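Examining the three-dimensional arrangement
Next come the chains, spelled out residue by residue.
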Amino acid sequence: MNELLNDQDCGRLRDEFLVAEPFNHVIIDNFWNDDTAKKLVSEFPNYDSSAWTTHYNNPLEDKKTSNHWDKFPGKTYQAFTYLNSQEFVTQIEYITGQSGIKTDVGLHGGGWHCHHKGGKLNIHLDYSIHPKLKLERHFNLIIYMTPNWNPKWHGGLELWSHNQETDQPLRCETTIENKFNRALLFDTTQHSWHGLPDDLTCPVNVYRQSMAIYYLTNPSDNADPRNRALFVPHGDQGSDASVLEFIKKRSNLI
């Protein structure tokens, strides 16, 4: 195992991943070793920093992201480099049972993520086909990076089942709590509805921080051609025509 990570029982992770519902996923606690985790937290930028390159602020999501390698300090740069390495990909292939996994060194949609008080992310399906590489997004690896998060502030990632009749999310089946240094690996090709739709209620000086990296494969025969995330309304948004129109327009952007 790389010097950045704690040792894991990959056989157990594989067994859990392959039977998980509502779609294949597994939780990996204590992902980074202690020294690495502390250093990565210290390198996260302030919420008002110019290191954030994108601010999604609309009825469906409120978060900041950065996937620019030149913005990453040393340990963060090293960490994302390792997550893109063949050594680590081989472990992902073993856990998931999927061969031929490819990385996206451009971190399209990935990198640093940060939500402040009031931040959210409606339930959605991720893009299916990478807009530049034309490969299928197959797996997400999300690593929670906020020490001492209180579950009462929300921020756990909800995993929803799929309604075959309506082609929409059915219900929340499980919530992966926002525990520091917890990684979540999940398959994004299985009607994998997920999100954190309730506004965060954390203090104004606490942020939901995470690292995200996505793994790709050659498109399957039945791959959805979607190259943008597909969101659904949350709560009263279902009767808001402006929100429904925004969802339609956003999902059709190239």
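Residues numbered from 1 in each chain as written. Predicted model: local features only at pLDDT ≥ 70, side-chain atom pairs only at ≥ 80, totals over all residues. Heavy atoms only, no water.

Observations regarding the overall build of the chain
Note the cut-off: Helix numbers and strand numbers start at the N terminus; a helix is a DSSP run of H or I with at least 4 residues, a strand a run of E with at least 2. Computation of the radius of gyration draws on C-alpha atoms alone. For the globule rule, the value is 2.2 Å times the number of residues to the power 0.38. Per-residue accessibility, obtained with a 1.4 Å probe over protein chains only, is compared with the maximum for each type, and a residue is labelled buried under 20%, exposed over 50%, and partly exposed between these values. Whether two residues are in contact is decided by their heavy atoms, any of which lying within 4.5 Å being enough. Every accessible area reported is derived by Shrake-Rupley at a probe size of 1.4 Å, with residue values counting cover from the shown protein chains alone.
The number of helices and strands found in the chain is five helices and 13 strands. Taken over the C-alpha trace, the chain has a radius of gyration of 17 Å; the compact-globule value for 254 residues is 18 Å, and the two agree within 12%. Along the first, second and third principal axes, the C-alpha atoms of the chain reach 50 × 45 × 35 Å. Buried residues in the chain amount to 51% of all 254 residues. Put simply, of all contacts in the chain between residues at least 6 apart along the chain, 78% involve residues at least 24 apart. As presented, the chain carries roughly 11900 Å² of accessible surface, and 47% of it is formed by carbon and sulfur atoms.

Focus: empty space enclosed by the protein
As a reminder, the rule being used: The way it works is a 1 Å grid over only the protein atoms, where trapped points that fit a 1.4 Å probe form a cavity and open points with protein on both sides within 12 Å along at least five of seven lines form a pocket, and then any residue with an atom within 4 Å of a point lines it. Grid points are joined across faces, edges and corners, and a volume is the space filled by probe spheres set on the points.
In the structure shown here, the tally under the stated rule is one cavity of 30 Å³ or more. By volume, the largest cavity is sized at about 110 Å³. Lining the largest cavity we find 13 residues, and of these Ile-28, Phe-31, Phe-88, Gln-91 and Ile-95 sit closest to its centre. Within the residue set of the lining of the largest cavity, elements represented by two or more residues are helix H1 (10-19) and helix H4 (86-96). Among the elements that make up the lining of the largest cavity, the one with the highest residue count is H4 (four residues).

Some remarks on the layout of surface pockets
What counts is decided by this rule: Classes in brief: Ala, Val, Leu, Ile, Met, Phe, Trp, Tyr, Cys and Pro nonpolar; Asp, Glu, Lys and Arg charged; the others, Gly included, polar.
What the largest pocket holds in volume is close to 660 Å³. Lining the largest pocket are 37 residues; nearest its centre among them are Tyr-56, Lys-63, Gly-109, Arg-137 and Tyr-214. Among the elements of the structure, strand E2 (54-57), strand E3 (61-66), strand E5 (111-115), strand E6 (120-125), strand E7 (136-144), strand E11 (193-196) and strand E12 (208-217) are those that each provide at least two residues to the lining of the largest pocket. Among the residues forming the lining of the largest pocket, the class breakdown is 15 nonpolar, 15 polar and seven charged. Here the second largest pocket is characterised by a volume of approximately 330 Å³. Lining the second largest pocket we find 21 residues, and of these Leu-125, Thr-189, His-191, Asp-224 and Arg-226 sit closest to its centre. Split by residue class, the lining of the second largest pocket holds five nonpolar, ten polar and six charged.

A short note on unusual backbone geometry
Here the residue pair Glu-21 and Pro-22 is connected by a cis peptide bond, since its omega of 10° sits within 30 degrees of zero. Of note, Asn-30 is a non-glycine position whose phi angle comes to about 50°, a positive value. For Asn-30, a relative accessible area of 48% translates into the label partly exposed. The phi dihedral of His-154 is positive, around 70°, even though this residue is not glycine. Tracing the sequence through the fold places His-154 in the loop between E7 and strand E8 (157-163).

What about the pairing of E12?
Quick note on the threshold: Two strands are said to pair when DSSP picks up at least two bridges between them.
Among the ten residues of E12, ten are classified as buried, and the element is accordingly described as predominantly covered. The alternating pattern of E12 places Arg-208, Ser-210, Ala-212, Tyr-214 and Leu-216 on one face and Gln-209, Met-211, Ile-213, Tyr-215 and Thr-217 on the opposite face, and all of these are buried. Across two bridges, the pairing between strand E4 (residues 102-103) and E12 is antiparallel. Within E12, the residue paired with Thr-103 across the bridge is Tyr-215.

Considering the environment of Asn-6
Note the cut-off: Residues adjacent in sequence count toward polar contacts only when both atoms are side-chain atoms; beyond that, a polar contact is any pair of N or O atoms within 3.5 Å, and within protein one must be able to donate a hydrogen and the other to accept it.
In this structure, Asn-6 sits in the segment before H1. Here the alpha-carbon distance between Asn-6 and Thr-36, two residues 30 residues apart in the chain, equals 9.8 Å. Here Trp-32 takes part through its backbone oxygen, which lies 2.9 Å from a polar atom of the side chain of Asn-6.

As for the nonpolar core
This is how the line gets drawn: Here, nonpolar core refers to any group of buried Ala, Val, Leu, Ile, Met, Phe, Trp, Tyr and Cys residues whose side-chain atoms link them within 4.5 Å.
Among the nonpolar cores identified, the biggest contains 39 residues, and Phe-31, Trp-32, Leu-83 and Leu-141 are the most heavily contacted of them. Listed in part, the 24 residues of the second largest apolar core include Leu-200, Cys-202, Ala-212 and Tyr-214.

Observations regarding the packing of aromatic side chains
Where two aromatic rings form a pair, the distance of their centres and the angle of their planes describe that pair. Applicable threshold: In this scheme Phe, Tyr and Trp rings, the latter by its six-membered ring, pair at centre separations within 6.5 Å, and the angle between planes marks the pair as stacked below 30 degrees, edge-to-face above 60, and tilted otherwise. In this scheme, Lys NZ or Arg CZ marks a charge over a ring once it lies within 6 Å of the ring centre and within 35 degrees of the ring normal.
Here the structure, examined in full by the defined rule, presents 15 aromatic pairs. Here Trp-69 and Phe-72 contribute two aromatic rings whose centre-to-centre distance is 5.7 Å and whose plane-to-plane angle is 70°, an arrangement assigned as edge-to-face. In this pair, the class of Trp-69 matches that of Phe-72, namely buried. Look at Phe-72 and Trp-112: their rings are 5.0 Å apart centre to centre, the planes differ by 80°, and that puts the pair in the edge-to-face class. You can see Phe-72 sitting in the loop between E3 and helix H3 (74-83) and its partner Trp-112 sitting in strand E5, a full 40 residues away along the chain. In this structure Trp-112 comes out as buried when scored by relative accessible area, which is 1%. Each residue in the set Phe-44, Trp-52, Trp-69, Phe-72, Tyr-77, Phe-80 and Trp-112 is aromatic and connected to the rest through ring pairs, giving one cluster. Residue placement shows Arg-14 over the ring face of Tyr-94; its charged tip is 5.1 Å from the ring centre. Its guanidinium or amino end placed over the ring of Tyr-47, Lys-64 lies 4.2 Å from that ring's centre, counting from NZ or CZ.

Interpretation note: all reported values are geometric properties and have no functional meaning in isolation.
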